[in-house]
Amino acid sequence: MSLHKILKYLALVIGVIGMIFLGRIIATGDDAIKASADLQGSHLDPYMWIAYLVLAVVILLVGIFVIVGLFRGNIKNTIIAIGSFLVVIVVAYVLSDGTATELKDGSMLSASGDHWVGAGLITFYILAGIAIAAMVFSGIKKLAK
C-alpha cells in the first residue's frame, strides 16, 4: 500500500472522529456546554486534542518537506526570497511607530508591542501591494502578447 493511500485513509479516520465529536457538541447544545464545566471538559477537550494533533502533524510534515525541498532545489533563490522578506519586515519596522496604548479591557499594550503590531500591518500592506502589482503586471503582459 502506498503512502498516499495510507495518508488518505488516516485523514478519513481523523475526519470521521472529528465529525463524531462535533456531533456530540451540537447535540448537547451551546447553553448546556456554557453552563457546565464537566460538559466542556468531556465534549470540547477531545475535539480540541484532535485539532492539536492534526496541527502538529501538518506543521511537522510542512517543516520536513520544506527542508527537503531546500536541499533539492535552488538554494540561492530560496535565500534571496527569505532575504527579501526580511528586508520588507525591517522596512516595515522602521516605518512603524510605537506608543503605549490602553486596550479595551483596561490593560496596557507596551510601546514595543504596538511597534511590532504596526510593523506587521505595514508588512501586510507592502506584501499585498506587491501581490496586486504582480497580478496587474502579469495581466498586462498577457494582453500584450
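Computed from a predicted structure; not experimentally measured.

Rules used throughout
Residues numbered from 1 in each chain as written. Predicted model: local features only at pLDDT ≥ 70, side-chain atom pairs only at ≥ 80, totals over all residues. Heavy atoms only, no water. Helix = DSSP H or I, 4+ residues; strand = E, 2+ residues; numbered from the N terminus. Contact = heavy atoms within 4.5 Å. 1 Å grid on protein atoms, 1.4 Å probe; cavity = no way out; pocket = protein on both sides within 12 Å on 5 of 7 lines; lining within 4 Å. Points joined across faces, edges and corners; volume = space filled by probe spheres on them. Nonpolar A, V, L, I, M, F, W, Y, C, P; charged D, E, K, R; others polar. UniProt positions renumbered as here; feature names shortened; annotations may be inferred. Axes fitted to C-alpha atoms, helices over the stretch in contact; angles between N-to-C directions. Parallel < 35°, antiparallel > 145°, perpendicular 65-115°, else oblique. Left-handed = near helix turned anticlockwise from the far one by under 90°. Phe/Tyr/Trp six-rings, centres within 6.5 Å; stacked < 30°, edge-to-face > 60°. Buried < 20%, exposed > 50% of the residue type's maximum accessible area, 1.4 Å probe, protein only.

Asker: Which residues make up the environment of leucine 44, and what values do they have?
Answerer: Looking at the element boundaries, leucine 44 is found in helix 3 (residues 37-72). When the C-alpha atoms of leucine 44 and leucine 22 are compared, they prove to be 8.7 Å apart, with 22 residues separating the residues in sequence. Residues in contact with leucine 44, not counting those within four places in the same chain, are Ile25, Ile33 and Leu39.

Asker: Could you give me a rundown of the layout of surface pockets, with the residues and numbers involved?
Answerer: If you add up the space inside the largest pocket, you get close to 230 Å³. Taken together, Leu7, Leu10, Ala11, Ile14, Leu53, Val54, Val57, Val58 and Leu61 form the lining of the largest pocket. Broken down by secondary-structure element, the contributors of at least two residues to the lining of the largest pocket are helix 1 (3-28) and helix 3. When residues of the lining of the largest pocket are assigned to their parent elements, the largest contribution, five residues, is made by helix 3. Each residue belonging to the lining of the largest pocket can be placed in one class, and the counts come to nine nonpolar, no polar and no charged.

Asker: Please set out the UniProt feature "transmembrane region" (unreviewed entry) in the chain residue by residue, giving values where relevant.
Answerer: The sites that UniProt annotates as "transmembrane region" (unreviewed entry) are residues 7-27, 47-71, 78-96 and 116-140. Between the C-alpha atoms that bound residues 47-71 the distance is 37 Å, and the span itself is 100% helix and 0% strand. Annotated as 95% helix and 0% strand, the span residues 78-96 places its first and last C-alpha atoms 27 Å apart.

Asker: Tell me what's going on with the packing of helix 1 against helix 3, and back it up with residues and numbers.
Answerer: Following both chains from N to C, one finds helix 1 and helix 3 inclined at 155°, their axes separated by 10 Å at the closest point. With respect to each other, helix 1 and helix 3 are oriented roughly antiparallel. The element helix 1 and its partner helix 3 pack so that their crossing is left-handed. Residues Ile14, Ile17, Gly18, Phe21, Leu22, Arg24, Ile25 and Thr28 of helix 1 pack against Leu39, Ser42, His43, Leu44, Pro46, Tyr47, Ile50 and Val54 of helix 3.

Asker: How would you explain the packing of aromatic side chains if you had to name every residue and give the values?
Answerer: Using the criterion set out here, one finds three aromatic pairs in the structure. Taken together, a centroid distance of 4.5 Å and an interplanar angle of 40° make the contact between tyrosine 93 and tryptophan 116 tilted. Within this pair, whereas tyrosine 93 is found in helix 4 (residues 75-95), its partner tryptophan 116 is found in helix 5 (residues 111-144), the two being separated by 23 residues in sequence. Since its relative accessible area comes to 31%, tyrosine 93 is described here as partly exposed. The exposure class assigned to tryptophan 116 is partly exposed, which follows from its relative accessible area of 49%.

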